[in-house]
Amino acid sequence: MLLCRLLLLTWVLLTARVQSQSWRPCTDLLPLDLLTRVLPSRQAPPTQLQMVQSKGSRGLRLGGVPTTVLSFPASQIFTNCDYFPSEFSLVATIKIQRLRQKRNEYIFSVVDEESDSLVLGLRVSENSLHLLVTPPGVAGPSRITFKDVGLDDNRWHTLVVAVTGLYATLTIDCGLPLELKQVQSFPSALSTRGSRFFIGSRKKMRGRFSGLLRQLVLLPGSDATPRLCPSANPSLAELSVPQILKSIPLQPDHHGPVYPYEAEARVTLGTPPRCSGPEQGQLWFNAQRKDLFICDGLTWRALLQNKQRLDYVEDYQDLYTNSETFDVEVFSIPSEGLFLAAANRDSRPGSGIYKWRDGSFQLYQNISTQEARAWKHFTIDDKIFLVVANSKEVEPELSVIYRWNSRRRRFVRHQTLQTHSALDWEAFQIHNNSFLVVANHRRARDSNHNIHSVIYRWNPNTKLFEVNQTLSTSGAYDWEFFTVGPYHFLVVANTFNGQTTTISSTVYVWLNGCFQVFQNIPTIGATDWEPFQIDGRFFLAVANSQMISGRGPSLYSINSTVYELNTLTQTFIRFQEILTHSAVDWEFFTIGDEKFLVVANSHDGSSYSLNSIVYRWQGYEGFVPVHSLPTFGCRDWEHFSTEEGSFLVYSSATSRLSKVFRLRTY
């Protein structure tokens, strides 16, 4: 009897030992970065792997690389046994253009090397995502299909496919999960013995992934969604992104990128395209001057450039507008040319849109506006928009967004937004999200200047702007958006609080998904901010218009100020004071290696006929005056370039006559 008990105890211990070994996972229960495993080391010979920046984020284009190079044996990650985990999640960040019907492209696959049969695969097709698996003892793969997911829209998307038992769940961009229930559970013993992982293919040339791949992670044993979401940037949420896709492609040591680097390129005849965070790394070729630039996220940096210097300024065109003009906006439309939008006072015929033809601006379209004070041009997904700030105090007060209709070749009304004596709009992008902010100057019903200005966010589903955040302002006159490194800023020009113009204007910084106060700067009737960068130094120039208080006369000849960002104190500090006469605008521009500021002097207390001054940057001396340009009621300056050269245009708020000046160079 004792012997039987000993034998039974021995059998129980052996069984427990076997069972304790059986639950040991085939791989560590940690995120497995599949993409990094196929990237060559710095010491490896160069490959055809291309790093591409698109919409501000980098991914890898795999199409030119042999499929065997982008593969590794499954035994590299399944070190404890040969079975694929029965519960897991896959995380991928992709950007792919519209796929034609019946085309399938593999994000990754696991293929048996001997039989060349598919063990597991994740593939994308037109508006659908498929997870394929071949259960043991079955001839062909079964398929889990998520339909109407819209991944092939040429946008960045982060997707999480989580599998457990009978259920498969897809989460895109931290949105609502889509859950599917299968007839059979995912195989609990899916063998990977003798198999290889192929990234971006199914081993064959057919079905190769044509888009950009930024992240591909396998997380055994759990759903990765809680690790990624919520996220401030859900379309680019990160679990494990290869370091090379995070770092700046052009390093200060000028050794160049590890992989061939491709950036979206723009070619124009002189007019600089937009350069901000989303365009960082893009190239711009100025076909007029044969110059090549790269966007550093703030300004265009010259890579190859013919050096020019400003010689003198000459009168070029008298531009007669529909009525007094408070603002001009110069912009380009691909395949159409250069345009100028004038913000005119009169409602009829409204504000004029002018097109550059035969070396001058000519009227192209009239748009009905209500005492327009400013125009802003912006693009969203290759769609071109203009938004006008209508300031007429009528009920309801509406400002209007117009969209370029390529068939009619005209701007058509797209959306109206309620505003309060709006004086300015600013458009900007953060993490692939598009925003508008309006400068609400005064509420009509009680003449209150201390009101909210509003930030709107573009809803890609409704194709409309929706309220995102409100900020308290005092007689808001101007908004400017700028970036410093990874940080995004908005600065408002507060003009009047109902009693005095000697108040603070505010710089805001983007933190935790909204704008928060960064610094309050004392200003005097601030009407404009101009952010710019010189040799890695960041500046803000404010236009101070007039000093008004309860006592004494108004003063118009006062100092405007240039501030510089002090990286040690992390504040903008006074750099230079410049005497101006009711300044209402600054414009920064470059000619060759030379940097300039031009101020719009509008009034000195007795006359609107004043000289507006062009200042040149001279390093330690700051900005020094180099040209005096006669202007009348000058309200706004814009710099632009065409085949004919570089130009400045100013608008007059007291006359129908605005003027274009040519900048002669040598």
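First, a word on scope: everything that follows refers to the structure included in this document.

About the criteria used
- Residues numbered from 1 in each chain as written.
- Predicted model: local features only at pLDDT ≥ 70, side-chain atom pairs only at ≥ 80, totals over all residues.
- Heavy atoms only, no water.
- Pairing = 2+ DSSP bridges.
- Helix = DSSP H or I, 4+ residues; strand = E, 2+ residues; numbered from the N terminus.
- Axes fitted to C-alpha atoms, helices over the stretch in contact; angles between N-to-C directions.
- Salt bridge = Lys/Arg side-chain N within 4 Å of Asp/Glu carboxyl O.
- Buried < 20%, exposed > 50% of the residue type's maximum accessible area, 1.4 Å probe, protein only.

1. Points about the sheet that holds strand β8 (residues 118-125)
Part 1: Across the sheet, six strands lie side by side as β4-β15-β7-β8-β9-β10; this open sheet has antiparallel pairing. Of all strands in the sheet, those bounded by a partner on one side alone are β4 (71-73) and β10 (142-147). Neighbour-to-neighbour, the strand axes of this sheet turn through a mean angle of 15 degrees, independent of strand direction.

2. Description of the sheet that holds strand β31 (residues 422-430)
Sheet strands line up and pair through hydrogen bonds in the backbone, either parallel or antiparallel.
Part 1: With antiparallel pairing, four strands are arranged side by side in an open sheet as β31-β32-β33-β34. Two strands close off the open sheet at either side, each with one partner strand: β31 and β34 (464-474). Strand-to-strand, the axes of this sheet are offset by a mean angle of 20 degrees, without reference to chain direction.
Part 2: Where strand β33 (residues 450-459) meets β34, ten bridges bridge the pair, whose relative direction is antiparallel. The residue bridging tyrosine 456 from the neighbouring strand is valine 467, located in β34.

3. Focus on the pattern of salt bridges
Part 1: With the rule as written, the count across this model stands at 21 salt bridges.
Part 2: The salt bridge partner of lysine 203 is aspartate 116, with a shortest N-O separation of 3.3 Å. One end of the pair, lysine 203, is in the loop between β15 (195-199) and β16 (212-220); the other, aspartate 116, is in the loop between β7 (104-112) and β8, with 87 residues separating them in the sequence.
Part 3: Residue class for lysine 203 comes out partly exposed when judged on its relative accessible area of 28%.
Part 4: When the shortest N-O distance is used, the salt bridge between lysine 355 and glutamate 336 registers 3.6 Å. Residue lysine 355 is located in strand β25 (residues 351-357), and its partner glutamate 336 is located in the loop between β23 (325-333) and β24 (337-344); the two are separated by 19 residues in the primary sequence. The same class applies to lysine 355 as to glutamate 336, namely buried.

4. So, the pairing of strand β26 (residues 360-367)
Part 1: As paired strands, β25 and β26 are joined by seven bridges and run antiparallel to one another. Of the residues in β26, the one forming a bridge with isoleucine 353 is glutamine 365.
Part 2: A loop of two residues connects β25 with β26, the two strands running antiparallel in sequence, and aspartate 358 in this loop sits at a positive phi of about 50 degrees.

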